[in-house]
Amino acid sequence: MQDAVKLTCAACGQTNRVPVAKLTSGPKCGICGEALASGKVAELDQQAHDKATKTDELPIVVDYWAPWCGPCRMMAPEFAKAAKALNPHVRFAKINTEDFPRVSQKLGIRGIPLLILWHKGREVARLAGARPARDIEAFVRQSATVKG
């Protein structure tokens, strides 16, 4: 079992090494002080997205969305519920595909909302469409080794 995991700060992009035993006590970024595993959905820019999906050693579920998308806005509270339920074993984040279209192009995203589960630098699974929290949690549990 690992003693520590690498987590990317969504606010400043710094990679932090966090002891596994400290994940439940609200670890913060060593540079900017932002929470790293709070159970809240982090807002990513393209740089933080690329770094987190490549280097994070905890599973991270990213919601690819846009503000004009009704189903995306409808799913946001459900995504937040799933984030709380699976904290600190999985981190949840979102990226606005309208602000960062290169991410959509690079990943071949054809429709939103789209959830992609990443773990240790690789895409594990995708789930398309707006879903309730229980479906999001089931998707993560089935696709990754997740406690809780």
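In what follows, the structure referred to is the one given above.
Residues numbered from 1 in each chain as written. Predicted model: local features only at pLDDT ≥ 70, side-chain atom pairs only at ≥ 80, totals over all residues. Heavy atoms only, no water.

## Some details on unusual backbone geometry
- Following asparagine 87, the chain continues to proline 88 via a peptide bond in cis, the omega torsion being 5°.
- Topologically, proline 88 is positioned in the loop between α2 (70–86) and β5 (91–96).
- Between isoleucine 112 and proline 113 the backbone carries a cis peptide bond, its omega angle lying at 0°.
- One can find proline 113 in the loop between α3 (101–107) and β6 (114–119).
- The backbone of lysine 120 sits at a positive phi, close to 50°, despite the residue not being glycine.
- Along the chain, lysine 120 turns up in the loop between β6 and β7 (122–128). (Helix = DSSP H or I, 4+ residues; strand = E, 2+ residues; numbered from the N terminus.)

## Describing the packing of aromatic side chains
- According to the stated counting rule, one finds 1 aromatic pair in the structure shown.
- Consider the rings of phenylalanine 79 and phenylalanine 92, whose centres lie 4.9 Å apart with planes at 65°: the pair is edge-to-face. One end of the pair, phenylalanine 79, is in helix α2; the other, phenylalanine 92, is in strand β5, with 13 residues separating them in the sequence. Across this residue pair, the class does not change: phenylalanine 79 and phenylalanine 92 are buried. (Phe/Tyr/Trp six-rings, centres within 6.5 Å; stacked < 30°, edge-to-face > 60°. Buried < 20%, exposed > 50% of the residue type's maximum accessible area, 1.4 Å probe, protein only.)

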